[in-house]
Amino acid sequence: MLISFNKKLYKIKAIKLAIKEYQNLANFSLKQKGNYIQVELKNIDKDVKKIIKDEFCNYVLFKSKEN
Amino acid sequence: MDKNEIKFILDLKDYPLEAIYGAAYVFINKAYLFLDNKSSKKIEISLKGKNKLTKKQLENLKGEFLNELLNYTLRVNLNKHNKKIREYIVNQALFSAFNEEEITQEDKLGYEDDPLGIAVPWEEKYKKEIKKTK
């Protein structure tokens with residue numbers, strides 16, 4: 001599962017903080033590609049597979065406002 | 001519009017980015033949000049229902065978001081325009097917190113004046129008192 005966050009709208013610090021909170025639900029990897037920060041999720045916990053992407057994006061948005 | 005999701009584009013000329021973040025923050029509890037930059041001045045907002053929503057409910061969600069956005073835009077603009085007057089009011093409040101008499105009295109004193117007797121040597125100050133008690 002790949003999520004592309006626009007660098008102008010999402011802060012890298014917020015993404016890293018969100019990954020730290022979600023790391024027990026999946027394996028995360030980060031890479032930068034052009035104007036985007038790409039987050040790849042592997043080995044996702046079965047119980048949260050359907051919602052993890054949306055919940056993670058909301059959490060990054062929440063952290064962006066906070067920091 | 002598909003998959004329980006509604007997408008729309010906002011122009012940064014009409015809505016400041018700060019207001020978009022503010023409205024998005026309010027909607028975090030109601031929906032799943034995702035922001036993307038379509039061009040330098042246009043932002044695409046995706047609103048996805050946390051539960052299964054009908055087309056009409058998604059349109060209502062969009063409407064509520066736009067209302068909240070308008071609310072935040074007004075707040076941001078007011079904040080920008082009232083910045084100077086707010087700073088002036090705070091300065092005045094802090095300044096008037098000082099006692100006016102204290103300020104004028106302090107202004108009259110020279111650096112050699114010693115109304116509290118701090119500059120008097122210890123011997124001088126306490127010898128007199130000892131003599132008096134004897």
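Up top you'll find the structure we're talking about.
Read on for an overview of the structure. Predicted model only: the values in this text are computed from it and were never measured.

**Focus on the nonpolar core**
- The biggest cluster of nonpolar side chains holds 32 residues, and the ones touching the most others in it are V60 of chain A together with A23 and L33 of chain B.
- With residues up to four places along the chain from it excluded, the contact list for L33 of chain B reads N58 and L61 of chain A together with A24, F27, I28, I45, S46 and L47 of chain B.

**What to know about the sheet that holds strand β3 (residues 36-42) of chain A**
All names here are of chain A.
- Pairing within the open sheet is antiparallel, and its 3 strands lie in the order β1-β3-β2. Strand pairing shows two members of the sheet lacking a second neighbour, β1 (2-6) and β2 (27-33), which therefore form its edges. When strand polarity is set aside, the average angle formed by the axes of neighbouring strands in this sheet is 20°.

**Some words on the sheet that holds strand β2 (residues 31-39) of chain B**
- Spatial ordering of the open sheet is given by β1-β3-β2 (chain B), a layout of 3 strands whose pairing is antiparallel. Each edge of the open sheet is held by one strand with a lone partner, namely β1 (5-11) and β2 of chain B. Taken pair by pair, the neighbouring strands of this sheet meet at an average axis angle of 20°, ignoring direction.
- Relative to β2 of chain B, helix α2 (residues 52-66) of chain A is tilted by about 70°, and along the sheet it contacts β2 and β3 (42-49) of chain B.

**Some thoughts on the environment of L61 of chain B**
Residue and element names in this part refer to chain B.
- With respect to the secondary-structure elements, L61 resides in helix α2 (residues 55-81).
- A C-alpha to C-alpha distance of 32 Å links L61 and N82, two positions 21 residues apart in sequence.
- Excluding its chain neighbours within four sequence positions, the residues that come into contact with L61 are I6, A31, L47, G49 and L53.

Each value, and the rule that gives it
By convention here, each chain's residues receive numbers from 1 onward along its written sequence. Chains carry letters from A onward and ligands carry numbers from 1 onward, assigned in written order. With the structure being a predicted model, the display of local features is reserved for residues of pLDDT at least 70 and the display and counting of side-chain atom pairs for 80 or more, all residues being used for whole-chain, interface and lining totals. We define a nonpolar core as a collection of buried residues of the types Ala, Val, Leu, Ile, Met, Phe, Trp, Tyr and Cys that are connected via C-beta atoms lying within 7 Å of each other. Put simply, a residue is buried when 20 or more other C-beta atoms lie within 10 Å of its own C-beta and exposed when 12 or fewer do; between those, it is partly exposed, and each C-beta is set from the backbone. Whether two residues are in contact is decided by their C-beta atoms, placed from the backbone, lying within 7 Å. Any two strands with at least two DSSP bridges between them are considered paired. Put simply, DSSP marks the helices as runs of H or I at least four residues long and the strands as runs of E at least two long, and each gets a number from the N terminus on. In this analysis, axes come from line fits to C-alpha atoms, helices being fitted only over the stretch in contact, and the angle between any two N-to-C directions falls in the range 0 to 180 degrees.

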